[in-house]
Amino acid sequence: SFLKISISRFGGKVFFKVLIGSYRTPKEEKLVLMLLDLKSSTTIAEKIGHFNYSKFIQECFSDLNQITEKYNVDIHQYVGDEAVITWTYNKGVRENNCLKIFFAFQEALLKKNNKYLEKYGFAPIFKAGIHGGQLMTTEVGTVKKQISYLGDVINATARIQSKCNEYNQQLIISETVLNDIDLDDNFVTEDLGELSLRGKSEQLKLLGIKKLPE
């Protein structure tokens, strides 16, 4: 029971690394990050109340959990109505995993649209930002330990995701990651211009990405 709880808390891959002390000393890793966030969350919470909203979020992320294994995902943490999803860089770009999981999640929610509408009066729509690169991973805390990521990649990914509403996009990806993905004809991109990063001279090119109906 203890092992099951620990593995579900950290995720199987991360739990093993925590167990052997891999992150007691800060470690540099190259990762792909996705910040996945519920659209119009404040409006939904106000309309259905906090109890039903909590159940609504639980159900959404339960649907997400059903598909994570197929795409080599590590869910780093849930923060309210946001999920922080990670891959080692190679696994994230391999076979378009970091793109496919978003559209697979979208499809899973669409299949349950009527059920969500009947139970809550709203159908969930998520938006996401994807970026990647070198960051530091470390174990923090002595009580209730957790794994933390530090570095510009985290801040940049959060800013990318925050642009979804502004550009009317559900998924925005940095050119940094997109350049390492072998896009097939099922995906189309839209140039959204460049994002200035605080304290940095370089800019990050952003692209909206959609999947064509099959």
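I will try to describe carefully the structure that is included in this document. (Residues numbered from 1 in each chain as written. Predicted model: local features only at pLDDT ≥ 70, side-chain atom pairs only at ≥ 80, totals over all residues. Heavy atoms only, no water.)

## Looking at the packing of helix α3 (residues 41-65) against helix α6 (residues 113-120)
What counts, and what does not: Only the stretch in contact is used when fitting a helix axis, every axis being a line fitted to C-alpha atoms; angles between N-to-C directions are given from 0 to 180 degrees. Starting at the N terminus, helices and strands are each numbered in turn, a helix being any DSSP run of H or I of at least four residues and a strand any DSSP run of E of at least two. An angle below 35 degrees is treated as roughly parallel, one above 145 as roughly antiparallel, one from 65 to 115 as roughly perpendicular, and anything else as oblique. When the near helix sits turned anticlockwise from the far one by under a right angle, the crossing is termed left-handed; a clockwise turn instead gives a right-handed crossing. Contacts were defined at the residue level, with two residues in contact if any of their heavy atoms lie within 4.5 Å. All amino acids are sorted into three groups, where Ala, Val, Leu, Ile, Met, Phe, Trp, Tyr, Cys and Pro are nonpolar, Asp, Glu, Lys and Arg are charged, and the leftover types, Gly among them, are polar.
Between α3 and α6, the least distance of the axes is 11 Å, while the angle of their chain directions is 165°. It follows that α3 is roughly antiparallel to α6 by the angle criterion. Judged by the sense of rotation from one axis to the other, the crossing of α3 with α6 is right-handed. When α3 is examined against α6, the residues Ile 48, Asn 52, Lys 55, Phe 56, Glu 59, Cys 60 and Asp 63 are found in contact with a partner set consisting of Tyr 116, Lys 119 and Tyr 120. Along the lines of polarity and charge, the residues of the contact of α3 with α6 split into five nonpolar, one polar and four charged.

## Details of the packing of α3 against helix α5 (residues 97-111)
Viewed as axis vectors pointing N to C, α3 and α5 meet at an angle of 125°, and their least axial separation amounts to 9 Å. Judged by the angle between their axes, α3 and α5 are oblique. For the pair α3 and α5, the crossing hand works out as right-handed. Here Cys 60, Asp 63 and Leu 64 of α3 come into contact with α5, specifically with Ile 101, Phe 105 and Leu 109. In terms of residue class, the contact of α3 with α5 is built from five nonpolar, no polar and one charged.

## As for the side chain of Thr 157
Locating Thr 157 in the fold gives a position in helix α7 (residues 152-162). Ignoring anything within four residues of it in the chain, the contact list for Thr 157 reads Leu 33, Leu 35, Gly 129 and His 131.

## With respect to the environment of Leu 64
Where we set the bar: Only protein chains enter the calculation, and the probe is 1.4 Å; a residue is then buried if its accessible area is under 20% of its type maximum, exposed if over 50%, and partly exposed in between.
As for its placement among the helices and strands, Leu 64 is situated in helix α3. Judged by its relative accessible area of 1%, Leu 64 is buried. Residues Leu 64 and Gln 106, 42 residues apart in the sequence, show an inter-C-alpha distance of 9.2 Å. Contacts of Leu 64, omitting those with residues within four sequence positions, involve Leu 36, Ile 75, Ala 83, Ile 85, Ile 101 and Phe 105.

## With respect to the packing of aromatic side chains
To describe a pair of aromatic rings, one takes the distance between the centres and the angle between the planes. Short version of the rule: For this analysis, a ring pair means two rings from Phe, Tyr or Trp (six-membered ring only for Trp) whose centres lie within 6.5 Å, classed as stacked if their planes differ by under 30 degrees, edge-to-face if by over 60, and tilted for the remaining angles. Criterion for a charge above a ring: Arg CZ or Lys NZ at most 6 Å from the ring centre, at most 35 degrees from the ring normal.
Per the counting criterion, the structure on display carries nine aromatic pairs. An angle of 50° between the planes, with centres 5.8 Å apart, marks the rings of Phe 103 and Phe 187 as tilted. Taken together, the residues span a long stretch of sequence, with Phe 103 in helix α5 and Phe 187 in strand β7 (residues 187-196) at a distance of 84 residues. Overall, the relative accessible area of 8% leaves Phe 187 in the buried class. Taking the centre distance of 5.1 Å and the plane angle of 55° together, the rings of Phe 105 and Phe 126 count as tilted. Here Phe 105, found in helix α5, pairs with Phe 126, found in strand β4 (residues 126-140); they are 21 residues apart in sequence, far enough to count as distant. Here Phe 105 matches Phe 126 in class, with each residue buried. Here a set of aromatic residues connected by ring pairs shows up, and it is made of Tyr 53, Phe 56, Tyr 116 and Tyr 120. The lysine or arginine in question, Lys 30, covers the ring of Tyr 89, its NZ or CZ lying 4.3 Å from the ring centre.

## A word on the layout of surface pockets
As a reminder, the rule being used: Lining residues are those with an atom within 4 Å of a point, where the points come from a 1 Å grid over the protein atoms alone and group into cavities, where a 1.4 Å probe fits but cannot get out, or pockets, open sets with protein on both sides within 12 Å along at least five of seven lines. Grid points are joined across faces, edges and corners, and a volume is the space filled by probe spheres set on the points.
Put simply, the second largest pocket is a space of about 490 Å³. For the lining of the second largest pocket, the secondary-structure elements that each account for two or more residues are α5 and β8 (203-211). With seven residues, the single largest contributor to the lining of the second largest pocket is α5. Looking at the lining of the second largest pocket, its residues break down into 13 nonpolar, five polar and five charged.

## So, the environment of Ala 83
Tracing the sequence through the fold places Ala 83 in strand β3 (residues 82-88). Classification of Ala 83 as buried rests on a relative accessible area of 0%.

## A few points about the pattern of salt bridges
Pairs may arise between side chains of opposite charge once their charged atoms sit close together. Test applied: Salt bridge, as applied in this entry: a Lys or Arg side-chain nitrogen positioned within 4 Å of an Asp or Glu carboxyl oxygen.
Under the criterion given, the structure shown has eight salt bridges. With its nearest N and O atoms 3.2 Å apart, the salt bridge here joins Lys 163 to Glu 166. Overall, Lys 163 belongs to the buried group, its relative accessible area being 18%. Given a relative accessible area of 53%, Glu 166 falls into the exposed group. As a salt-bridge pair, Lys 205 and Glu 175 come within 3.9 Å of each other at their nearest N and O atoms. Taken together, the positions of Lys 205 in strand β8 and Glu 175 in helix α8 (residues 175-178) put the pair 30 residues apart, joining distant regions of the chain.

Taken by themselves, the reported measurements are silent on function.
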